[in-house]
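One-letter residues, chain by chain:
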Amino acid sequence: MKTVRSAPQPGKPRLTTSAMIASIAAEGQKTKPAPFGHALVELARRHPDVVGMTADLGKYTDLHIFAKEFPDRYYQMGMAEQLLFGAASGLAAEGFMPFATTYAVFASRRAYDFIHQTIAEEDRNVKIVCALPGLTSGYGPSHQAAEDLAFFRAMPNMTVIDPCDAHEIEQLVPAIAAHQGPVYMRLLRGQVPVVLDEYDYKFELGKAKLIRDGKDVLIISSGIMTMRALEALQTLNNDRVDAAVLHVPTIKPLDAETILREAGKPGRLVVVAENHTTIGGLGEAVAALLMRSGVHPPFRQIALPDEFLDAGALPTLHDRYGISTAEVARQIKQWL
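As the structure is a computational prediction, the values presented were derived from the model and not from experiment. (Residues numbered from 1 in each chain as written. Predicted model: local features only at pLDDT ≥ 70, side-chain atom pairs only at ≥ 80, totals over all residues. Heavy atoms only, no water.)

Peer 1: Quick question: what am I supposed to make of the pattern of salt bridges here?
Peer 2: Side chains that differ in charge, positive against negative, can pair when their charged atoms come close. Per the stated rule, a full pass over the model turns up 20 salt bridges. The closest approach of N and O atoms between Lys32 and Glu170, which form a salt bridge, is 3.0 Å. Pair noted here: Lys32 is in strand 2 (residues 31-33) and Glu170 is in helix 7 (residues 166-178), with a separation of 138 residues, a long-range link. The salt bridge involving Glu262 is made with Arg261; its shortest N-O contact spans 3.4 Å. One network of salt bridges, in which partners are shared, links Asp213, Arg261, Glu262, Lys265 and Arg268. (Salt bridge = Lys/Arg side-chain N within 4 Å of Asp/Glu carboxyl O. Helix = DSSP H or I, 4+ residues; strand = E, 2+ residues; numbered from the N terminus.)

Peer 1: Is there a simple way to think about the packing of aromatic side chains in this case?
Peer 2: Ring pairs (aromatic) are described by centroid distance and by the angle formed between their planes. Tallied over the entire structure, the rule returns 6 aromatic pairs. Summarising the aromatic geometry, the rings of Phe66 and Phe70 are spaced 5.3 Å apart at their centres and angled 40 degrees between planes, so their arrangement reads as tilted. An identical accessibility class is assigned to Phe66 and Phe70; each is buried. One aromatic cluster in this structure is built from Tyr112, Phe151, Phe152 and Tyr184. Its end group placed over the ring of Phe70, Arg73 keeps NZ or CZ at 4.4 Å from the ring centre. In this arrangement the basic side chain of Lys209 is found over the ring face of Tyr201, its NZ or CZ atom lying 5.6 Å from the centre. (Phe/Tyr/Trp six-rings, centres within 6.5 Å; stacked < 30°, edge-to-face > 60°. Buried < 20%, exposed > 50% of the residue type's maximum accessible area, 1.4 Å probe, protein only. Lys NZ or Arg CZ within 6 Å of the ring centre and 35° of its normal.)

Peer 1: Sorry if this is basic, but what is going on with the sheet that holds strand 4 (residues 74-76) here?
Peer 2: Paired through their backbone hydrogen bonds, the strands of a sheet run either parallel or antiparallel. Pairing in this open sheet of 7 strands is mixed, and the strands run 4-3-5-6-8-7-13 from one edge to the other. Two strands in the sheet have a free side with no partner beyond their single neighbour: strand 4 and strand 13 (250-252). Neighbouring strand axes in the sheet, compared pairwise and without regard to direction, differ in orientation by 20 degrees on average. When strand 7 (residues 159-161) meets strand 13, the two strands line up antiparallel, connected through 2 bridges. Residue pairing in the sheet places Ile161 in a bridge with Thr250 of strand 13. (Pairing = 2+ DSSP bridges. Axes fitted to C-alpha atoms, helices over the stretch in contact; angles between N-to-C directions.)

Peer 1: How should I be thinking about empty space enclosed by the protein in this particular structure?
Peer 2: To locate leftover empty space, one rolls a probe as large as a water molecule over the atoms. What the rule picks out here adds up to 1 cavity of 30 Å³ or more. Of the pockets and cavities examined, the largest cavity occupies roughly 30 Å³. Pro133, Asp162, Pro163, Arg186, Leu188, Gly223, Ile224 and Asn275 together form the lining of the largest cavity. Tallied by class, residues from the lining of the largest cavity come to 4 nonpolar, 2 polar and 2 charged. (1 Å grid on protein atoms, 1.4 Å probe; cavity = no way out; pocket = protein on both sides within 12 Å on 5 of 7 lines; lining within 4 Å. Points joined across faces, edges and corners; volume = space filled by probe spheres on them. Nonpolar A, V, L, I, M, F, W, Y, C, P; charged D, E, K, R; others polar.)

Peer 1: What am I meant to see in the packing of helix 1 (residues 35-46) against helix 7 here?
Peer 2: The relative placement of two packed helices comes down to the angle between their axes together with the axis-to-axis distance. Relative orientation of the contacting elements helix 1 and helix 7 amounts to 35 degrees, with a least axis distance of 9 Å. With respect to the hand of their crossing, helix 1 and helix 7 are arranged in right-handed fashion. Here Pro35, Phe36, Ala39, Leu40, Leu43 and Arg46 of helix 1 lie close against helix 7, whose contacting residues are Ala166, Ile169, Glu170, Val173, Pro174 and Ala177. In the contact of helix 1 with helix 7, the residues fall into 10 nonpolar, no polar and 2 charged. (Left-handed = near helix turned anticlockwise from the far one by under 90°. Contact = heavy atoms within 4.5 Å.)

Peer 1: Hey, could you run me through the environment of Leu246 in this one?
Peer 2: With respect to the helices and strands, Leu246 occurs in strand 12 (residues 243-247). Through-space distance from the C-alpha of Leu246 to that of Leu218 is 7.1 Å; in sequence the pair is 28 residues apart. Apart from residues lying up to four places away in sequence, Leu246 is in contact with Ala208, Lys209, Leu210, Leu218, Ile219, Ile220, Ser221, Thr258, Ile259 and Glu262.

Peer 1: Can you walk me through the confidence of the model for the protein chain in this structure?
Peer 2: One rule of thumb: low pLDDT means the predicted coordinates there are not for detailed reading. In the predicted model, the protein chain carries a mean pLDDT of 94, and 93% of its residues have values of at least 70. Contacts of residues 1-8 to residues separated by more than four positions or lying in other chains number 20 contacts, the stretch itself having pLDDT below 50. (pLDDT = per-residue confidence, 0-100.)

Peer 1: It is not clear to me how the packing of helix 8 (residues 224-238) against helix 12 (residues 325-335) should be interpreted in this structure. Could you clarify?
Peer 2: The interhelical angle for the contact between helix 8 and helix 12, taken along N-to-C directions, is 65 degrees, at an axis separation of 8 Å. Between helix 8 and helix 12 the crossing geometry is right-handed. Touching Met225, Arg228, Glu231, Ala232, Thr235 and Leu236 of helix 8 are Thr325, Val328, Ala329, Ile332 and Lys333, all from helix 12. Class assignment of the residues belonging to the contact of helix 8 with helix 12 gives a composition of 6 nonpolar, 2 polar and 3 charged.

Peer 1: Any chance you could explain the pairing of strand 8 (residues 183-187) here in plain terms?
Peer 2: Each regular strand shows side chains that alternate between the opposite faces of the sheet. Here strand 8 lies mainly inside the structure; 5 of its 5 residues are buried. Of the strand pairs in this sheet, strand 6 (residues 127-131) and strand 8 are connected by 5 bridges, and their pairing is parallel. By the bridge assignment for strand 8, Ala131 is matched with Leu187. Summarising the sheet, strand 7 and strand 8 pair through 3 bridges and their orientation is parallel. The residue of strand 8 that forms the bridge with Val160 is Tyr184. Regarding the hand of the β-α-β motif, the stretch spanning strand 7, helix 7 and strand 8 is right-handed. (Right-handed = clockwise from strand over helix to strand, strands pointing away.)

Peer 1: Just checking my understanding: could you explain the environment of Glu147 for this structure?
Peer 2: Assignment of secondary structure puts Glu147 in the loop between strand 6 and helix 6 (148-153). Residues Glu147 and Pro133, 14 residues apart in the sequence, show an inter-C-alpha distance of 8.8 Å. Those residues in contact with Glu147 that lie beyond four places of it in its chain are Arg109, His276 and Thr277.

So this is what it looks like as C-alpha cells:
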C-alpha cells in the first residue's frame, strides 16, 4: 500500500493521518450528524418489523443510534459478513425488514455470494447499507470500495442508490423501506454535508432530478460528486461556463427518460461525474444508454481510475484522482 503525503501549503497546516478518515465536508460547511441512524430510528418507531443488523461496525455505520433506541431489535453479528447477510435473509423470510450495515468493501467483496444467493435470488426485503463507498477512506485498497456499484448493478433484483448528502439520506430511508425488495445503498456517515436543501430537492426512488439548468455543459452525477459539481459551479460561472447538474441517486433502475431528455438537448457537452471506478458504474450505464438510444452528445467522464488507489489524506487523494471541486472545474474547462 503506497501512501501519499500532503505537501504543506502556505497558511495551511500539514494534513495528518486523521485526514485519512476525515469528514468529506469542507471547512465551515453545514453538516448533520448521523442522518442515517436518526432516520432509521424514526422509521422504526412507525414500523415494528424494522430491525438493525451489523458486522461489528455499529459505531462506524451510525447504527449505534438505533441500537440505543431499540436494543431488542438490534443484532450484532460480529466480524462475519456472510453470517450477517445470511441471517438478514432469514429474518426477511419471516416478515422482518432488516437494515444490514457494514463497509462497502466487505459487502461487495467478502459477502457477494451470500447476498447474491440468499437475498437477491430470493428477492428478499433486505436493505444493505454500506459505509466508505468509493474514495471516502484514505486507508488504501482494503477499505476503498471503488468498484461496489459495478458489483451490485450486475446483480438481478438489486436496487442501487448513491445519495448526495444528509438531506437526501433522511428522505431515502423511508423511501427504500416502502420499496419491496433488496436495496444496496451507499452510506455517508458521521458529520454529513447538507447541500440539496437549498434546491428544494425531494428524493424519489428511480428518478433523476435536474438541480440546475445550463446551456454549455450537462454534469450527470451521483453521490458526493453531485455536491462537487454544485460546488464547482461558481468557478465555472466565473469563467463564463453555464453548467447544468442532473443528480442521479438511483443507479439501478436508471431514469432513462430524464437522462435522454437532458443529454439530447443540442449544444452541450455531457460529463458524467462519479465517485467510482470508470468501469461498471454510472458513467458506463449512461454511455450505454445514450448509444443504444441513438443520442450522441460530446461525452466525457470524471471517475476514479481503473487501478488500486493510494492511501493518504482524503483531500490530497481527491485532488490526485480528479474528484475534488477544483479538479472537477478544471477538467470541464479543459474539455470545453
